[in-house]
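In case you want the letters, here they are:
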Amino acid sequence: MLWSKSLIPTLKEIPQDAEIPSHQLMLRAGLIRRLGSGLYTYLPLGFRALRKVEAIVREEMDRAGAQEVLMPAMHPREIWDRSGRYESLKNVMFRVKDRQAREMVLGPTHEEIITDLVAREISSYKQLPCNFYQIQTKFRDEIRPRFGLMRCKEFIMKDAYSFDISSEAADSSYQKMYEAYVNIFRRCGLHAMPVEADTGDMGGSSSHEFMVPTDSGEDAILEADDGSYAANMERAEGYCDLPNVFPDADQPLEEIATPNAGKIEDVADLLKIEPRQLVKTLIFVADKSPVAVLLPGDRDVNEIKLRKVLDAQEVAPADPQTVREITGAEVGFAGPVGLKIPVIVDRTLEGLRGGVIGANKTDTHLLHFDLARDLDPDAFVDVAFPKAGDLAPNRKGHLSEKRGVEVGHVFKLGTKYSVALGANVLDENGKSIPAVMGCYGIGVSRTLQAVIEQSHDENGIIWPVNVAPYTVLITVLSPKHEESMSRATDLAAQLEAQGIDVLIDDREERPGFKFKDADLLGFPLRLTLGERGLAKGIMELKPRTEKSFEEVPVDQALDAVLAKVKTLREALK
RNA sequence: CGGGGAGUAGCUCAGCCUGGUAGAGCGCCAGCUUUGGGAGCUGGAUGUCGCAGGUUCAACUCCUGUCUCCCCGACCA
């Protein structure tokens, strides 16, 4: 392909509305253009790279035994009513009406659609296990689209759904997908780490997310330094190993005036103690009934954990009026002693003596709180977010925090959707049972941008060989020089015959200009042809990752490029 | 939705406070020179100043409304 015939609108300046490097680079390298908030056009180069990611996804999914299908992006409302998700997902679904005023939605995901298909077409355990996938545009009315392709209203996703006869069989399907994901991201040149994750609205028992570590990531991850554990913050568990006995622990409870100190920091400053010596007493409303939650002053409640502990549908902090009614004090002075509502104690408070609590009296706290002595909790459980520095669940490693972008997510779904949509099969005994499902997503367009976020330098993108829009760039310094162009086109033809895609920079531009563009676009290999070099019988071969080039004799250039490409590809196998 | 910011040439931005009829750099077109890391000179084209009202002799500038985009928070691949 000739550069002069391609639409590759590179930008020298950084576009105003791009914040993170990958987004800036996608715009500057002419891969994408914005149409509206969260809506992007893939330009020729961006689309080539996207198709390469898709091809890898297809190969690995096929290899794992999944079958590709393509479902409609637009669905009748009725099927979403059957699972109850028309209601629960109403904030993310785009809803439209046709001219008959029939209600339709643009699919944010496809559990209902595939489960309905399986319900109709599969009836025997002999047809299981099976796994169907598609690569398709999803629509979600995101609260806030951002960072280019990272969070869009319309994005490309690979979604797969497995159906099994038993939960053990489903575990094996899950494992296969997990392994396929490891392969996919490795081949894309991405370092994606699997972490334990919460299943969120999807339902189901367990799940892993594949996270690409980057400071601009929207998720917090906790990882053990001994490699024993990694989990999304929403899900993570840890053990605080700091001592829980503070000075004067043996003293009886004692009131102390803390005027206007309703915030942890204020009380800590006033009493000259560490925030963790203070006990936070938070009032929540769980399905309309209030509970108190106790945790160290330097920690926050994980409402997901709290909801699970209480087996509640909905959990939210109580409003100030409710807090006043329950505690008899202004917000900020709640304490566990004397409360008439259930009290849940976070396990990090185990063995606490000498703590400071609210007195349920405005502008007053109590000193010398002894958990065992002064309280009989209704539950003693894990309801807090862990902190960096905590012990990992194995009680050996220590946790540290990093941020990541979620590029893939695998779920064990159970039978939630098969029951709702009647995806039953007859087992060996002729008994009808719901299929056990799993679902598996990869954000394909997001993955593409994550590759760039993880692989770039100050000059531009550094494409991993398997997803580069073109593998080789031939920079012709003097396109008017006939020998240069004929050598370039001959070489390109030979490389293409070997399955290596080539872009020829035949533009009438100064060399420096072309080199800058080459680095910005980040093709893995650059072959430079100049009049002077050719006169000496050489071309220059430069990998994007190297600072300097290597001179190769003209008649060895083909082999040299083939060898380099092979090396690059081997590294991602 | 709450909080912050921005809409002026294809891009990055100045002008607005203090009203007088729109600018720079880059890009684009033509020519000459240049030619190994985003060239120089000369000439040229390009704007409903986001939109709608209002104030005024006069509005990019002041006022009101409105739309869009970006950033921070709650949602997710």
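A. Examining the pairing of strand β9 (residues 193–197) more closely. What you see with β9 is a clean split: Met 193, Val 195 and Ala 197 sit on the buried side and Pro 194 and Glu 196 on the side with no burial. Bridge count between β9 and strand β10 (residues 207–213): five bridges; the pairing is antiparallel. Opposite Met 193, over in β10, you have Met 211 as the bridge partner.

B. Summary view of the state of the cysteines. If you walk through the whole model with that rule in mind, you get zero disulfides. Looking at the unpaired Cys 152, the closest cysteine sulfur is the one in Cys 188, lying at 18 Å. Judged by its relative accessible area of 5%, Cys 152 is buried. No disulfide involves Cys 439; its sulfur sits 14 Å from the nearest other cysteine sulfur, which is in Cys 130.

C. Highlighting the pattern of salt bridges. The final tally for this structure, using the stated rule, is 41 salt bridges. Here Asp 81 makes a salt bridge to Arg 77, at a shortest N to O gap of 2.9 Å. Here Asp 81 and its partner Arg 77 are both found in helix α3 (residues 77–83), four residues apart, which amounts to about one turn of the helix. Its salt-bridge partner being Glu 551, residue Lys 536 comes within 4.0 Å of it at the nearest N-O pair. In this pair, Lys 536 is assigned in helix α15 (residues 531–536) and Glu 551 in strand β31 (residues 550–553), connecting sequence segments 15 residues apart. Using a relative accessible area of 60% as the deciding quantity, one classes Lys 536 as exposed. Through salt bridges that share partners, Glu 59, Glu 60, Arg 63 and Arg 187 make up one connected network.

D. Representation of the protein's contact with RNA strand B within the structure. Contacts to RNA strand B come from 46 residues, most closely from Arg 140, Ile 143, Arg 144, Asp 519 and Glu 540. Each atom of RNA strand B within 4 Å of the protein was assigned to sugar, phosphate or base; sugar and phosphate come to 45%. Between a phosphate oxygen of RNA strand B and a main-chain N or O atom of Gln 16, the distance comes to 2.8 Å. Broken down by secondary-structure element, the contributors of at least two residues to the surface near RNA strand B are β8 (154–164), β21 (399–414) and α14 (511–521). If you tally residues by element for the surface near RNA strand B, the top one is α14, at eight residues.

E. Structural view of the packing of aromatic side chains. Per the counting criterion, the structure on display carries six aromatic pairs. Between the aromatic rings of Tyr 181 and Phe 210, the centroid separation amounts to 5.4 Å while the plane-to-plane angle is 55 degrees, which identifies the pairing as tilted. Pair noted here: Tyr 181 is in helix α6 (residues 167–187) and Phe 210 is in strand β10, with a separation of 29 residues, a long-range link. Of the two residues, Tyr 181 and Phe 210, neither departs from the other in class, the shared state being buried. The ring of Tyr 239 carries Arg 395 above its face, with NZ or CZ at 3.7 Å from the centroid.

F. Fine view of the sheet that holds strand β13 (residues 254–257). Taking strand neighbours across the sheet as the criterion, the three strands line up as β13-β19-β18 in an open arrangement whose pairing is antiparallel. The sheet is open, and its two borders are formed by β13 and β18 (353–358), each paired with just one other strand. Strand-to-strand twist across the sheet, computed as the mean angle between neighbouring axes with direction ignored, equals 30 degrees. With four bridges joining them, β13 and strand β19 (residues 364–370) adopt antiparallel strand pairing. Bridge pairing in β19 places Ile 256 opposite His 365.

G. Region of interest: the sheet that holds strand β17 (residues 343–346). Judged by pairing direction, the sheet is mixed, and its five strands sit side by side in the order β16-β14-β15-β17-β20 without closing on themselves. Single-partner strands in this sheet number two, and they are β16 (315–317) and β20 (379–381). The average undirected angle you get between the axes of adjacent strands in this sheet is 30 degrees. Bridge count between strand β14 (residues 279–286) and strand β15 (residues 289–296): eight bridges; the pairing is antiparallel. Of the residues in β15, the one forming a bridge with Phe 284 is Val 291. Against the sheet, helix α8 (residues 303–310) contacts β14, β15, β16, β17 and β20, and its axis sits at roughly 125 degrees relative to β16.

H. Geometry of the side chain of Thr 528. By secondary structure assignment, the location of Thr 528 is in strand β29 (residues 525–529). Residue Thr 528 is classed as buried on the basis of its relative accessible area, which comes to 3%. Of note is the side chain of Thr 528, whose polar atom sits 3.3 Å from the side chain of Arg 526.

I. Fine view of α6. Compared with an ideal rise of 1.5 Å per residue, which puts 21 residues at 30 Å, α6 spans 30 Å between its outermost C-alpha atoms and is within 8% of the ideal. Along α6, the positions that sit buried rather than exposed are Ala 170, Ser 173, Tyr 174, Met 177, Ala 180, Tyr 181, Ile 184, Phe 185 and Arg 187. Summarising the axial view, the buried residues of α6 lie within an arc of 150 degrees, below the 170-degree limit, and thus occupy one face. Within two residues after α6, Gly 189 carries a phi angle of roughly 80 degrees, on the positive side.

J. Expanded view of the side chain of Glu 112. Here Glu 112 lies in helix α5 (residues 111–121). With residues up to four places along the chain from it excluded, the contact list for Glu 112 reads Ile 79, Trp 80, Ser 83, Arg 85, Tyr 417 and Leu 421.

K. Looking closely at the environment of Gly 238. Note that Gly 238 resides in the loop between β12 (230–232) and β13. On the accessibility criterion, Gly 238 (9% relative accessible area) is buried. Sequence separation between Gly 238 and His 398 is 160 residues; the distance between their C-alpha atoms is 8.7 Å. Residue contacts for Gly 238: discarding those within four places in its chain leaves Arg 347, Pro 386, Asp 390, Leu 391 and Leu 399.

L. The arrangement of helix α1 (residues 21–28) in detail. Of all eight residues that make up α1, seven are buried, and the element is covered over most of its length. Along α1, the residues classified as buried are Ser 22, His 23, Gln 24, Leu 25, Met 26, Leu 27 and Arg 28. The inward-facing, buried residues of α1 contact β1 (32–36), β2 (39–42), α12 (444–454), β25 (456–457), β26 (460–461) and α14. Backbone geometry just downstream of α1 places Gly 30 in the positive-phi region, at approximately 70 degrees.

M. Expanded view of the environment of Phe 369. Residue position: Phe 369 is located in strand β19. Residue class for Phe 369 comes out buried when judged on its relative accessible area of 1%. Discounting chain neighbours no more than four positions away, the residues touching Phe 369 are Leu 253, Val 279, Pro 336, Val 337, Leu 352, Arg 353, Gly 354, Gly 355, Ile 357, Asp 374 and Leu 375.

N. Just the nonpolar core, in detail. Counting 58 residues, the largest nonpolar core has Leu 31, Met 61, Tyr 181, Ile 184, Phe 185 and Trp 463 as the members making the most contacts within it. A total of seven residues in this core trace back to one element, the largest contributor, which is helix α2 (residues 44–63). Among the domains, domain 1 (17–190 + 409–452) and domain 3 (470–571) are the pair contributing at least three residues each to this core. Counting residues in hydrophobic clusters, the runner-up holds 26 residues, among them Val 105, Ile 114, Leu 128 and Cys 130.

Rules of the game
- Residues numbered from 1 in each chain as written.
- Chains lettered and ligands numbered in written order.
- Predicted model: local features only at pLDDT ≥ 70, side-chain atom pairs only at ≥ 80, totals over all residues.
- Heavy atoms only, no water.
- Buried < 20%, exposed > 50% of the residue type's maximum accessible area, 1.4 Å probe, protein only.
- Helix = DSSP H or I, 4+ residues; strand = E, 2+ residues; numbered from the N terminus.
- Pairing = 2+ DSSP bridges.
- Disulfide = S-S within 2.5 Å.
- Salt bridge = Lys/Arg side-chain N within 4 Å of Asp/Glu carboxyl O.
- Near = heavy atom within 4 Å.
- Polar contact = N/O pair within 3.5 Å; in protein donor to acceptor, adjacent residues only side chain to side chain.
- Phe/Tyr/Trp six-rings, centres within 6.5 Å; stacked < 30°, edge-to-face > 60°.
- Lys NZ or Arg CZ within 6 Å of the ring centre and 35° of its normal.
- Axes fitted to C-alpha atoms, helices over the stretch in contact; angles between N-to-C directions.
- Contact = heavy atoms within 4.5 Å.
- Expected span 1.5 Å × (residues − 1).
- Arc of directions from axis to C-beta.
- Core = buried A, V, L, I, M, F, W, Y, C linked by side-chain atoms within 4.5 Å.
- Domains from an automatic or database assignment.

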